[in-house]
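So the chains spell out like this:
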Amino acid sequence: MSDHYDFDLFVIGAGSGGVRAARMAASKGKKVAVAEERYLGGTCVNVGCVPKKLFVYASQFPELFHASRGFGWDMGDQPNLNWSRLRDNKTTEIERLNLIYQQLLDNSGAKLFNGRATVEGPHQISINGVDYSAENILIATGGWPFIPEFPGSELAISSNEMFYLEQLPEKSVVVGGGYIAVEFAGILNGLGVETHLVYRGPQLLKAFDQEMGDRVKMGMQAKGVKIYLNTEVEEITKNAQGLSVHLKAGNCIEAGLALYATGRNANTAHLGLENTAVTTNHNGSIQVEDQFRTVEPSIYALGDVIDRVQLTPVAIQEAMVLIDHLYGDNSLEIDYNHIPTAVFCQPELATVGLTEAQAKQKYRNIQVYRSDFKPMLHTLGGAADRIFIKLIVDCESDRVVGCHMVGDHAAEIIQGIAIAIKAGATKAHFDATIGIHPSSAEEFVTLRQ
Ligand code: NDP
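Residues numbered from 1 in each chain as written. Predicted model: local features only at pLDDT ≥ 70, side-chain atom pairs only at ≥ 80, totals over all residues. Heavy atoms only, no water.

Student: Please clarify how the site of the ligand should be interpreted in this entry.
Tutor: For the ligand, the set of nearby residues contains 18 residues, the closest of which are Ile180, Tyr199, Arg200, Gln310 and Ala342. Measuring from an oxygen atom of the ligand, one finds a backbone N or O atom of Gly177 at 2.9 Å. Ala261 places a main-chain nitrogen or oxygen 3.4 Å from an oxygen atom of the ligand. Its free accessible area being 910 Å², the ligand has 76% of it covered by the protein chains. The element best represented in the shell around the ligand is helix 6 (residues 179–190), accounting for 3 residues. Its residues assigned to classes, the shell around the ligand shows 8 nonpolar, 5 polar and 5 charged. (Near = heavy atom within 4 Å. Polar contact = N/O pair within 3.5 Å; in protein donor to acceptor, adjacent residues only side chain to side chain. Areas by Shrake-Rupley, 256 points an atom, 1.4 Å probe, with all protein chains shown as cover. Helix = DSSP H or I, 4+ residues; strand = E, 2+ residues; numbered from the N terminus. Nonpolar A, V, L, I, M, F, W, Y, C, P; charged D, E, K, R; others polar.)

What follows is the structure, given as C-alpha cells:
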C-alpha cells in the first residue's frame, strides 16, 4: 500500500458488487474498507432477488395443490395462507444471509464501517464524522425505486415495502410493465389477491422478444391477472376501504394497495460527487469509461449505480473484472452480449442473446424455430399452462444467436443453454445433442420447424 493513504481501496456500498470487490481486493493483500448505511447484501439480498424468489415460491403453491388432485392426492380443507408466517420466515432467512455477508467481510480482512459515507475529494471519504484517505474509491451504491409524482403518489408504495406488508390486501393495483411489475403481479395473484396490472405502453416487457412478452401477458391473464395497457394512473385517492386508483382511460379500481414498479434510480444523491470530477447521466447514474473508471482517475463505479445492466450477477462480474484490473493481471473481461436473464413472472420468462427484431437488424438471413407444448405435469395436473420456446439462428454461420423460453423452469433451463451460446454453439450442435427424456428442455434439441 502507498504510505500516503489509510486504505488502498474504499468501497461505498455493501451490495453484491461492493462486497465482491472488497473481498477480492482484500484477498490480494490490499487494505480495504467498506461503508454501508443500510443492510449488508444490498437490494438483491434484502429487498430484491432473494425475498422476491421466496415470495414467488409461496405464490405457486395453490396451483401445485390443484395439480396434485389429478395425481391422486386429496387435500382436505381449502388451503389457507398465513401471510405473517411467510413474511417473518422470509425475514429470518434474510437476516441469516446478512450475517453470512458480515462473516465473509470479516474473514476477508476488510474493515466494515456502518454509516453513510460521502466523498470529500478524489482520495477522501468521510464517515460518521471521521475523514479517511484511500488510493482508490469504488462507488457501488446501487439504486432505489422511483415513483413519479402525480396527485396521490404518496399513497403508492414501492417494491421495498412489499416485503414488509402488515397484511395482504384483497385487491391490488400494480403499475409498470417491466421486471418488477410483472413479477409482483404474479406473486400477489398467486397469493390470492385480486390483481390489476396497469401499464402505459402497448406491450409488457418491451425490452424482450415481442412474442415472449405477448406469451407472458396471455399466461398472466389466464391465471387471473387483469391487465390494462396503453393507460396511466391519473390520481390515487383514499376511501373508507382503502384506495381508489383513477385511470386516465376513465375507469377507477378500488384496491387496498397500489404498487409502483416504474424503474429504479441510481443512488448518487448527497454522495459528495460535486467534490470530484465524476460525471453523471441525466438519471443520476455515474458515467464510467473502460474498466469502470470515472473521469476522476482514482474513483471507480459499478453495478446498478452505473445503470448498464441492473442485474446482480453482472455487478459481481464487474467487480471481479475491476479488481483483476487494479490488482491482478488484467485478464478478466465482461461480455455484455451474452447475459442470460429471467423474469420470475408467472409464467416465467428466460432469455439469452438477441430478440428476433435485433437478429433481423444484425444478420442478413435468420431462421426462427418455435415450439409450443403442454408440459407433462399439466397433463394430469389439469392447468392450461403451456411452454413456448424460440431459437434464432444466423443462417450464414449456423450459430444460435438468440434463445427464449416462457414457461415452467425457464430460468433453470436457459442458464444451461447460455453456456452453449456463449461458447458459439451452432444449430447443428443443438441437433446433434441427445435429449433428456422426458423433459421440457429436450425440446431445444429437437426443434425442426
Ligand atoms: P424496468 O425498467 O424493468 O421497468 C419500469 C417500467 O415502469 C417500464 O414498464 C416503464 O415503462 C414504466 N414506467 C417508467 N416510468 C413511468 C412513469 N412515469 N409512469 C408509468 N410507468 C412508468 O424497471 P423495474 O423497476 O421493473 O426494475 C428495475 C431493474 O431491476 C430492471 O430493469 C432489472 O434490470 C432489475 N430487476 C431484475 C430482476 C430479475 O433479474 N429477475 C427482477 C427485478 C428487477 P416504459 O417501458 O414505457 O418506459
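Student: Explain the packing of helix 3 (residues 49–70) against helix 4 (residues 83–108) to me, please; I cannot follow it from the model alone.
Tutor: Packed helices, taken two at a time, are described by the angle between their axes plus the distance between the axes. Following both chains from N to C, one finds helix 3 and helix 4 inclined at 145 degrees, their axes separated by 10 Å at the closest point. Seen from above, helix 3 lies across helix 4 with right-handed handedness. Here Val50, Pro51, Leu54, Phe55 and Ala58 of helix 3 lie close against helix 4, whose contacting residues are Trp83, Leu86, Lys90, Glu93, Ile94 and Leu97. (Axes fitted to C-alpha atoms, helices over the stretch in contact; angles between N-to-C directions. Left-handed = near helix turned anticlockwise from the far one by under 90°. Contact = heavy atoms within 4.5 Å.)

Student: What is the right way to read the nonpolar core from this model?
Tutor: Side chains that are nonpolar tend, in soluble globular proteins, to be buried together. Residues Leu197, Met220, Leu349 and Phe444 are the most contacted members of the largest nonpolar core, which totals 61 residues. Counting residues per element, this core draws most heavily on helix 11 (residues 410–422), which supplies 7 residues. Core analysis: the second largest hydrophobic core is formed by 53 residues, Ile12, Ala22, Val305 and Leu322 among them. (Core = buried A, V, L, I, M, F, W, Y, C linked by side-chain atoms within 4.5 Å. Buried < 20%, exposed > 50% of the residue type's maximum accessible area, 1.4 Å probe, protein only.)

Student: What am I meant to see in the environment of Leu247 here?
Tutor: For Leu247, the location among the structural elements is in strand 12 (residues 243–247). Classification of Leu247 as buried rests on a relative accessible area of 2%. As a C-alpha pair, Leu247 and Glu274 span 27 residues in sequence and 40 Å in three-dimensional space.

Student: How should I be thinking about the packing of aromatic side chains in this particular structure?
Tutor: Centre-to-centre distance and the angle between the planes together describe a pair of aromatic rings. Summed over the entire model, instances satisfying the criterion amount to 12 aromatic pairs. Plain terms: the ring middles of Phe61 and Phe65 are 6.0 Å apart, the flat faces sit at 35 degrees to each other, and that makes the pair tilted. Within this pair, Phe61 and its partner Phe65 are both found in helix 3, separated by 4 residues, close to a single helical turn. Residue classification places Phe65 among the partly exposed residues on the basis of a relative accessible area of 28%. Here the aromatic residues Phe7, Phe10, Phe113 and Tyr132 are joined through ring pairs into a cluster of three or more. It is Lys90 that lies over the ring of Tyr164; its NZ or CZ is 3.9 Å from the centre. (Phe/Tyr/Trp six-rings, centres within 6.5 Å; stacked < 30°, edge-to-face > 60°. Lys NZ or Arg CZ within 6 Å of the ring centre and 35° of its normal.)

Student: What am I meant to see in the pattern of salt bridges here?
Tutor: Pairing of side chains with opposite charge becomes possible as their charged atoms draw close. Evaluated as defined, the whole model comprises 20 salt bridges. A salt bridge links Asp209 to Lys390; the shortest N-O distance between them is 2.9 Å. Pair noted here: Asp209 is in the loop between strand 9 (194–198) and helix 7 (210–222) and Lys390 is in strand 20 (residues 387–394), with a separation of 181 residues, a long-range link. Each member of the pair Asp209 and Lys390 is classed as buried. Residues Lys223 and Asp385 are paired through a salt bridge, measuring 2.7 Å at the closest nitrogen-oxygen approach. Here Lys223 is found in the loop between helix 7 and strand 10 (226–228), whereas its partner Asp385 is found in the loop between helix 10 (377–381) and strand 20, with 162 residues between them in sequence. Both residues of the pair, Lys223 and Asp385, belong to the buried class. The network of salt bridges with common partners includes Asp209, Glu211, Glu356, Lys360, Arg370 and Lys390. (Salt bridge = Lys/Arg side-chain N within 4 Å of Asp/Glu carboxyl O.)

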